[in-house]
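Each chain, letter by letter, is given below.
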Amino acid sequence: MLHSVFLRALGEPQLLAIYALIAFVLTALALKIDFRFLPVDQGRKNAVNGELSKGKTRGVGFVMMACFVLCVALFLPFRLESMFYALILIAEMLSGFLDDASKIPWSDYKKGLIDFVLSVGAGVVFVLYNPSTMLIGTHEVTMHPVVYAILATVLVWVSINAVNCTDGVDGLSSSVGVVSIASMLLIYRPSYEVEYMGFGLLFIAVLCAYLLFNAGPSSRLMGDAGSRPLGVLLAVLAMKSRHPLCYLLVCGVFLLDGVLGLIKIFLKRFLKISILKKTRTPLHDEVRKNRGWSDAQVVIRFAIAQVILSLIWFITTL
């Protein structure tokens with residue numbers, strides 16, 4: 001809305017940096033407020049150190065996303081495609097928040113169905129506004145729009161649930177999320193229109209503000225209201241880069257930590273096949289319970305691992 005006005009006085013990179021700074025300050029101030037409508041965490045019996053979260057304010061992803069969307073509406077150019085993605089992010093946040101606030105946690109099937117519907121929406125929006133092509137190195141691969149929409153749906157759904165599974169240690173999903181978003185923006189900067197650079201930078205700013213309150217010992221938990229929109233954004237940025245396969249490494253920690261558990265549950269529940277019987281999932285619980293890692297070690301080592309994976313992807317694209 002205000003982007004074209006400010007652009008007359010400043011260059012685009014400086015403007016985006018200012019927007020990110022505003023988003024950081026706004027989110028940090030908002031998260032200091034004890035909103036009465038936010039739920040309180042009841043603790044998780046099956047998670048390592050899950051009881052330590054009991055009594056903390058949960059679902060602050062609602063506040064984070066409100067600040068993010070406000071900054072998007074105020075500062076970034078208005079285009080239908082990006083606004084549709086913003087609406088999907090809001091819908092995913094609301095579903096996550098209602099689950100966070102529910103006295104009886106929603107079933108996996110209910111959450112999975114909502115995620116699927118919104119993932120289909122993201123896939124359809126993408127093929128309506130973009131060519132059904134992807135780049136593998138310098139080679140362009142063209143697909144039928146329906147095929148691309150199906151693959152996009154799978155990517156968004158997997159990303160939502162992978163990030164959600166990783167959100168089990170103070171500061172983990174947000175720290176890795178900052179590295180993943182920054183990696184995509186740096187590697188594929190020429191591929192992004194200004195609103196997607198803005199989406200990424202604003203979300204990084206919001207996550208950094210959240211880390212002020214979530215770094216252990218935390219006082220705020222974003223819950224599904226924050227982790228699920230983060231999953232959507234990562235998938236959208238991967239597709240808009242025109243190199244969606246970058247997700248495999250640039251978001252590799254989310255895949256290793258979260259998807260492995262999803263596969264284990266799926267095989268056990270539907271095919272009666274048991275794998276990794278001696279390995280706890282998500283992996284952040286395995287290394288804390290059986291390897292003796294502290295929460296701080298998990299966050300730092302997983303973030304470093306994501307930096308290394310992103311560097312490997314960057315090297316392979318040269």
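Refer to the structure printed above.
Treat the numbers as computed from the prediction; the structure is a model and nothing was measured.

Thresholds, definitions, all that
- Residues numbered from 1 in each chain as written.
- Predicted model: local features only at pLDDT ≥ 70, side-chain atom pairs only at ≥ 80, totals over all residues.
- Heavy atoms only, no water.
- Core = buried A, V, L, I, M, F, W, Y, C linked by side-chain atoms within 4.5 Å.
- Buried < 20%, exposed > 50% of the residue type's maximum accessible area, 1.4 Å probe, protein only.
- Helix = DSSP H or I, 4+ residues; strand = E, 2+ residues; numbered from the N terminus.
- Contact = heavy atoms within 4.5 Å.
- Patch = residues over 30% accessible without salt bridge, like charges linked within 9 Å, V, L, I, M, F, W, Y side chains within 5 Å.
- Areas by Shrake-Rupley, 256 points an atom, 1.4 Å probe, with all protein chains shown as cover.
- Salt bridge = Lys/Arg side-chain N within 4 Å of Asp/Glu carboxyl O.
- Expected span 1.5 Å × (residues − 1).
- Bend = angle between axes of the 7 residues up to and from the residue.
- Phe/Tyr/Trp six-rings, centres within 6.5 Å; stacked < 30°, edge-to-face > 60°.
- Lys NZ or Arg CZ within 6 Å of the ring centre and 35° of its normal.

## Here's the deal with the nonpolar core
Buried together is how nonpolar side chains tend to be arranged in soluble globular proteins. Of all hydrophobic cores here, the largest spans 87 residues; its most connected members are F68, I181, M184, F199 and L234. Per element, the largest residue contribution to this core is twelve residues, and it comes from helix α8 (residues 194–214). Each residue touching F199, except ones within four places of it in the same chain, is listed here: F68, V72, L76, S82, Y85, A86, L89 and L233.

## Some thoughts on a nonpolar patch on the surface
Taken together, the side chains of F78, L80, F84, L87, V124, L128 and Y129 present a nonpolar region at the surface, about 720 Å² in accessible area. Elements with a minimum of two residues in the nonpolar patch: α4 (80–101) and α5 (108–129). Locating L128 in the fold gives a position in helix α5. Judged by its relative accessible area of 62%, L128 falls in the exposed class.

## Describing the environment of P131
With respect to the helices, strands and loops of the structure, P131 is situated in the loop between α5 and β2 (133–136). When the C-alpha atoms of P131 and G261 are compared, they prove to be 33 Å apart, with 130 residues separating the residues in sequence.

## Focus on helix α11 (residues 252–270)
Taking 1.5 Å per residue, 19 residues should reach 27 Å; α11 reaches 26 Å between its end C-alpha atoms and fits that length. At V259, α11 shows its maximal bend, which comes to roughly 30 degrees. What α11 keeps buried is the set G252, V253, F254, L255, D257, G258, V259, G261, K264 and L267. As for α11, its buried residues are in contact with α6 (145–166), α7 (172–187), α9 (224–240), α10 (247–250), α12 (283–289) and α13 (295–317). Phi turns positive one or two residues past the end of α11, at K272, with a value near 55 degrees.

## Regarding the packing of aromatic side chains
When we look at a pair of aromatic rings, we describe it by the centre distance and by the angle of the planes. Taken as a whole and judged by the stated rule, the model has 13 aromatic pairs. Judged by centre distance (4.9 Å) and plane angle (50 degrees), the ring pair of F62 and F97 falls under tilted. Note that F62 is positioned in helix α3 (residues 61–75) and F97 in helix α4, a separation of 35 residues in sequence. According to the relative accessible area criterion, F97 is buried, its value standing at 10%. The structure contains a cluster of three or more aromatic residues connected by ring pairs, namely F68, Y85, Y196, F199 and F203. Over the ring of W106 we find K110; its NZ or CZ atom is 4.0 Å from the centre of that ring. Directly above the aromatic system of W293 lies the positively charged group of R301, at a separation of 4.7 Å from the ring centroid.

## Observations concerning the pattern of salt bridges
This model, assessed by the stated rule, comprises 14 salt bridges. In this structure, E193 and K240 form a salt bridge, with 3.6 Å as the shortest nitrogen-oxygen distance. Here E193, found in the loop between α7 and α8, pairs with K240, found in helix α9; they are 47 residues apart in sequence, far enough to count as distant. Residue classification places E193 among the partly exposed residues on the basis of a relative accessible area of 36%. A residue is classified by how much of its surface remains accessible, and K240, at 7% relative accessible area, is buried. Bridged by salt links that share partners, the residues E81, E193 and K240 form one connected network.

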